[in-house]
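What the coordinates show
The primary structure of each chain is shown beneath.
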Amino acid sequence: MSQSLGMLRFLTCGSVDDGKSTLIGRLLYESKALFEDQLAALEKDSRRWGTQGENLDFALLVDGLAAEREQGITIDVAYRFFATARRKFIVADTPGHEQYTRNMVTGASTADAAIVLVDARKGVLTQTRRHSFLVSLIGIRNLVIAVNKMDLVDYSEERFREIERDYAEFAAKIGLKDHECIPLSALKGDNVMRSSGAMPWYRGQALLEYLETVEVDEDHARTLPFRLPVQWVNRANMDFRGFAGTIASGRVRPGDRIRVQPSGRESRVARIVTREGDLPVAVAGQSITLTLEDEIDISRGDMLSGVAQPAEVANQFQATVVWMHDQPLLPGRSYLIKIGTQTVSAAFTEIRHEINVNTLERTAAKTLNLNAIGICNLNTDRAIAFDPYAENRETGGFIVIDRLSCHTVGAGLLNFALRRASNIHLQPTEVTKTARAALKGQKPCVLWFTGLSGAGKSTVADLLETRLHGLGIHTYLLDGDNLRHGLNKDLGFIPVDRVENIRRVAEVSKLMIDAGLIVLTAFISPYRSERELARGLLEDGEFIEIHLDIPLEVAEARDPKGLYRKARRGELKNFTGIDAPYEAPEAPALRLDTSKVSIEEAAEAVLELLRSRGLIPEG
């Protein structure tokens, strides 16, 4: 009996109608992975939806969505399980269209191998090159070029060799070193499960033989340096403290010296604890709990690494990003980044260029739209432990999460740490924010006025600062128009510039808070994400959001600067409330409708709020 080689995850991809679903259906059918009711359903569906006349249409085993069956294409990622005597398999059938790039990346993220199908009649196409680039980008090391539909070219060796040469030439350009070309017919079964007599000139392995023997990533991961992202600190009782997680790479034994990252503290492994008992050694893929010889402060998200080959630590990176959301990536906007077991705040500071996945050309870009791929600079709010993705997929890949919706909006690969990340350090100072505020006899905060143009933000803020100044309170007013004459004069009003505008204001506000001031800001600040970014820079209670909430028709009627009239005439683009959105605060500290209260009453309401919070004295 053959020895089991474990589990292999692989995906299929290619141009539309290259036969991906048919190939998977053939594998399921031939490996006896179908129950009788599934076979009966396939016969019924083949009569209703099939494209093969009286024969079974194997593609229908995978094309589960009604829209796919009607169109004869794959839209979503479909996963299927099957097994042979030698190995178990999970296969992902991924869509071929460019607009479903994110679906393919999802399917590729956990794959050990990839099958790129090429129609023998059509040869290497643009989509073939695009999918190969994505496979290379994701770091899948085992690649098969399945030249399908050989039966439609009379099993021609000349045609197969031509495609093989064309693909080899392209693969060299993108650095794909190892790949196998296999001629087959998914419909007829030639070279799928076993070698076919229809192509005696082909001496290589059949597709299934290749899949049964190829090395899986888990085997490769065991040869890499030890990495254990800490998922949970296990305090089973007062005398036990262990650190649980799944080993991302390498192996570990009791007595091995490890380093906790990013802190850099070191200790030795005392025990490897599992439910079945202690282990003498643990390897990549195993879920374990480690106990250490020394008491060290370790939390979820920390990385345990071997001392001899530790992970890198940085907070600024160059990364490759695949954007997966309808709302574009905006440099400067605050996102959450999840890498391993750690989630941190981060912002993309620059899009260096976008990669055209069809031509591989690099083009300038200010944003990344749905399915776009770009090279970006990334800053995290703290140092994290990582390996370059090219060296370790498990510790170099991350997902991007929207802070407000908590939706996954992108996926990324860390390429390397930027040099400045290790050369720039925070310089401690003797005089602190607390000392500066005490000298002024006040508690610093930011009064963040937000609302439509014409709501009265600048007017209320100006009157309020006058009142605070009269009370002996040290303040500073940051007004949107004033800053656009200096600090932000290089910015326009497109979404990416608006994000950067508010990011700069938030950072300046933070500096002024550190100086012990009460800061007033008067900006439309239309996006919740950027207001939350400003809140996140400050300590609890220092960010006070004040929404001057008036109906749009009232704001238009006021129109003190004539901007609404220009926007309505089309002379002013990206104007909030007209052709650009305003995302109203959901729970501001204070909401004031200045169409119903006077400017003086609005200022007094803010003063009362400050008194109630103990930020200014009573009276």
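Relevant structure appears above.
Residues numbered from 1 in each chain as written. Predicted model: local features only at pLDDT ≥ 70, side-chain atom pairs only at ≥ 80, totals over all residues. Heavy atoms only, no water.

A few words now on the pairing of strand E25 (residues 518–522). Judged by how many residues are buried, E25 sits mostly within the fold: five of five residues are covered. Burial along E25 is two-sided: Ile518, Leu520 and Ala522 facing one way and Val519 and Thr521 facing the other are all buried. Pairing of strand E23 (residues 445–450) with E25, which is carried by five bridges, proceeds in the parallel orientation. Counterpart to cysteine 445 in the pairing with E25 is isoleucine 518. (Buried < 20%, exposed > 50% of the residue type's maximum accessible area, 1.4 Å probe, protein only. Helix = DSSP H or I, 4+ residues; strand = E, 2+ residues; numbered from the N terminus. Pairing = 2+ DSSP bridges.)

Moving on: unusual backbone geometry. In this chain, glutamine 261 is followed by proline 262 through a cis amide linkage whose omega measures 20°. By secondary structure assignment, the location of proline 262 is in the loop between strand E11 (257–261) and strand E12 (266–273). Phi at asparagine 371 is positive, roughly 75°, even though this residue is not glycine. Topologically, asparagine 371 is positioned in the loop between strand E19 (362–363) and strand E20 (373–386). Residue class for asparagine 371 comes out buried when judged on its relative accessible area of 11%. We note that asparagine 574 has phi near 60°; this positive angle belongs to a residue other than glycine. In this fold, asparagine 574 is placed in the loop between helix H17 (563–568) and strand E27 (590–592).

As paired elements, E11 and E12 share three bridges and run antiparallel to each other. In the sheet register, isoleucine 258 faces E12, and the bridge partner there is serine 267. Direction of pairing for E12 relative to strand E14 (residues 287–292): antiparallel, over a ladder of four bridges. When the sheet's bridge partners are listed, arginine 271 is paired in E14 with threonine 291.

As enumerated under the stated definition, the model contains 12 aromatic pairs in all. Note on tryptophan 323 and tyrosine 335: the rings are 5.6 Å apart at their centroids and 70° apart in plane angle, and the pair reads as edge-to-face. Placement of the pair is tryptophan 323 in strand E16 (residues 312–323) and tyrosine 335 in strand E17 (residues 334–339), with a sequence separation of 12 residues. Take tryptophan 323: its relative accessible area is 1%, and that puts it in the buried class. Residue classification places tyrosine 335 among the buried positions, given a relative accessible area of 2%. Among the aromatic residues, those joined into a ring-pair cluster are Phe10, Phe82 and Phe89. A cation sits over an aromatic face here: arginine 333 above tyrosine 527, 5.0 Å from the ring centre. The ring of phenylalanine 493 carries arginine 484 above its face, with NZ or CZ at 4.0 Å from the centroid. (Phe/Tyr/Trp six-rings, centres within 6.5 Å; stacked < 30°, edge-to-face > 60°. Lys NZ or Arg CZ within 6 Å of the ring centre and 35° of its normal.)

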